[in-house]
Amino acid sequence: SSGINAEYGGSVSGAHSCSETQEQPDREKLLRRDQILFFTELVLFEDELADNGCSKLVVKCRVMPSFVLILLRQYVRVDRVMYRVQETRLYAEKTWNHVLREVTVREAGYHQVQHLDNSLLFDEWAIGQYLPVTECQRERLDFRLDSDSG
């Protein structure tokens, strides 16, 4: 590893089972304008790579009345070399006893995106939609619930 990537998608502890799945978060719920009960965004790491790009690790958490979504996102840009975005999403609905975990990696060499406007090339959130998915893994983490905890 080059030291600027975090290929770690997370560890599992406390789950009764962990299995691959095609199940995905309910897009309709994610896009609805429901009340946000809690939201936070925290930059865990940021470095300008000796003025040669950017590496940034951010966690976001959104709690809604019917679900919770946590996003861990690493963005890496090495100027005129490459772009990489790795996102780990944890999603659970209020009535579930499981969590969906999706790890997506998007990556492209500079030559693949150099035709884009500079405003996109330097926008860490917008550039992701222009990078091809190189890896996607979905897992379902099932938990035993104590029947007395209700």
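Scroll up to find the structure.
A brief report on the enclosed structure follows. (Residues numbered from 1 in each chain as written. Predicted model: local features only at pLDDT ≥ 70, side-chain atom pairs only at ≥ 80, totals over all residues. Heavy atoms only, no water.)

Remarks on the pairing of strand 7 (residues 133–142)
Argument step 1. In this structure, strand 1 (residues 17–20) lies alongside strand 7, joined through four bridges in antiparallel fashion. Residue E20 lies in a different strand from strand 7, and its bridge partner there is E139.
Argument step 2. Across nine bridges, the pairing between strand 6 (residues 98–109) and strand 7 is antiparallel. The residue of strand 7 that forms the bridge with T104 is C136. (Pairing = 2+ DSSP bridges. Helix = DSSP H or I, 4+ residues; strand = E, 2+ residues; numbered from the N terminus.)

Digging into the pattern of salt bridges
Argument step 1. Enumeration according to the criterion identifies twelve salt bridges in this entry.
Argument step 2. Taking the shortest distance from any N to any O, the salt bridge between E41 and K60 comes out at 3.8 Å. Of this pair, E41 sits in strand 2 (residues 38–47) while K60 sits in strand 3 (residues 53–63), and the two are 19 residues apart along the sequence.
Argument step 3. A salt bridge links E87 to R73, with the nearest nitrogen and oxygen atoms 2.8 Å apart. Within this pair, whereas E87 is found in strand 5 (residues 82–93), its partner R73 is found in strand 4 (residues 67–78), the two being separated by 14 residues in sequence.
Argument step 4. For E87, a relative accessible area of 12% puts it in the buried group.
Argument step 5. Here the salt bridges do not stand alone but share partners, grouping E23, R140 and D142 into one network. (Salt bridge = Lys/Arg side-chain N within 4 Å of Asp/Glu carboxyl O. Buried < 20%, exposed > 50% of the residue type's maximum accessible area, 1.4 Å probe, protein only.)

No statement about biological role is implied by the geometric values presented.
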